[in-house]
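# Observations on the three-dimensional arrangement
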Amino acid sequence: MSIEVRGVTKTFGDFVALDNVSVSLPRGQLTALLGPSGGGKSTLLRIIAGLDTADSGSIEIEGVDATRLPAQKRNVGFVFQHYAVFKHLTVARNVAFGLEIRKRSKREVAERVDELLSLVHLSQFAHRLPAQLSGGQRQRMALARALAVEPSVLLLDEPFGALDAKVRKELRDWLRRLHDEVHVTTVFVTHDQEEAMEVADEIVVINDGRIEQVGTPDQLYDEPANDFVMGFLGEVTTLGTVKIRPHDIAVSPTPGLAGAIRGTVDRMLRVGFEVRLNVHTDQGQDVTVRVTRAQARSLGLVEGSEVWLTPAPVGLHAVLVSSMAGATPVPPTP
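Residues numbered from 1 in each chain as written. Predicted model: local features only at pLDDT ≥ 70, side-chain atom pairs only at ≥ 80, totals over all residues. Heavy atoms only, no water.

### Points about the packing of aromatic side chains
Here the distance between the centres and the angle between the planes together describe a pair of aromatic rings. What counts here: Two rings from Phe, Tyr or Trp (for Trp, the six-membered ring) form a pair when their centres are within 6.5 Å of each other. A pair whose planes differ by under 30 degrees is stacked, one over 60 is edge-to-face, and the rest are tilted. Secondary structure elements are taken from DSSP: a helix is a run of H or I of four residues or more, a strand is a run of E of two residues or more, and numbering for both begins at the N terminus. Burial classification: accessible surface area is computed with a 1.4 Å probe over protein chains only, and a residue below 20% of its type maximum counts as buried, one above 50% as exposed, and the rest as partly exposed. Charge-over-ring contacts are defined here by two conditions on Lys NZ or Arg CZ: a distance within 6 Å of the ring centre and an angle within 35 degrees of the ring normal.
For the coordinates displayed, the defined rule picks out two aromatic pairs. Each ring, one from phenylalanine 86 and one from phenylalanine 97, has its centre 4.6 Å from the other, and the planes form 45°; the classification is tilted. Within this pair, whereas phenylalanine 86 is found in the loop between strand S6 (76–79) and helix H2 (91–101), its partner phenylalanine 97 is found in helix H2, the two being separated by eleven residues in sequence. Owing to a relative accessible area of 28%, phenylalanine 86 belongs among the partly exposed residues under this scheme. On the basis of relative accessible area, phenylalanine 97 is assigned to the partly exposed category, the value being 31%. Judged by centre distance (5.5 Å) and plane angle (15°), the rings of phenylalanine 228 and phenylalanine 232 are stacked. Separated by four residues within a single helix, phenylalanine 228 and phenylalanine 232 lie in helix H8 (residues 227–232), roughly one turn from each other. For phenylalanine 232, a relative accessible area of 14% puts it in the buried group. Sitting above the plane of the tyrosine 221 ring, arginine 245 keeps its charged end 4.0 Å from the centroid.

Pasting the structure below:
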């Protein structure tokens, strides 16, 4: 493993930011620390970086005990949400800064800067000042600067949080491609579930200073460890005694399978290719259902339609969560 966190606890007065956290972060992977604001993810990242110290526990980076090492000796690159650039230096000088203070030769610095600016697609902007770049370009510059010193670990604290939705989408696609090229161990903090699911090889879900679950995006989405993880990684509704994702509910205009729950569509909303239904069941529940536009048309759904709802075959994870909560599980459709 590239990073080993063992028994880390951190408090700020009476507030427990991290509560005996232990986690292994694999070498060469892109790992997301995902959780709500105030959950402890940024605190953990700063302790790994050496920008904060833990009250107890240890940090190991690439086999070296880094618990008491200062940040500058941990060989980590750090990128903040707000770029922290040198406004009076050009893009090229910003990227070169870490190499220059390490007394690298001018030739080595120039070659490395050219290589990195090409990698992040900023070669044509080398002589511009940061103020002359867009937000997305400034963040790519910040990543190039962090990579310049060839860190063993790259740490990103909500790197795209200050950007608009379209630019965030473009940059997270770019970050995934960049990581596949450079293969540096990367850990990034985000509270954006879609961002974590799209970019990360592995996700660590943190809430209230504790780790709720660690796994691949598919594992967390399909096999959530508890109600919190299930609800945080996607929309959840309740059908009978089962918590389930709205798109994992099968809709039929006839009773069909045993155990189907009857209801009436009392609201329909089309959002792009998706149709969102609110179904009021005979049991008095309001169930959220997601179907495609084509499915809604083939079923002839309109507001007022009578329908029968059952968990779809892919809804096995809903049964698992229901079972943990002490409810009577509903078997998945054969």
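Let's pick the thread back up.
### Considerations on the environment of glutamine 72
Within the secondary structure layout, glutamine 72 lies in the loop between strand S5 (64–65) and S6. Sequence spacing of glutamine 72 and alanine 49 is 23 residues, and the spatial spacing of their C-alpha atoms is 8.9 Å.

### With respect to the layout of surface pockets
For the record, the criterion: Method remark: on a 1 Å grid restricted to protein atoms, a set of points is classed as a cavity if a 1.4 Å probe fits but cannot get out and as a pocket if it is open with protein on both sides within 12 Å along at least five of seven lines; lining residues have an atom within 4 Å of a point. Grid points are joined across faces, edges and corners, and a volume is the space filled by probe spheres set on the points. Only Asp, Glu, Lys and Arg are considered charged in this grouping, and only Ala, Val, Leu, Ile, Met, Phe, Trp, Tyr, Cys and Pro are considered nonpolar; every other residue, Gly among them, is considered polar.
There is about 600 Å³ of room inside the largest pocket. Lining the largest pocket are 21 residues, and of these Val76, Gly77, Phe78, Arg102 and Ala146 lie nearest its centre. Elements that contribute at least two residues to the lining of the largest pocket include exactly S6, H2 and helix H4 (135–148). Considering each element in turn, the lining of the largest pocket owes the most residues, four residues, to S6. Along the lines of polarity and charge, the residues of the lining of the largest pocket split into 15 nonpolar, four polar and two charged.

Structural measurements only, silent on function.
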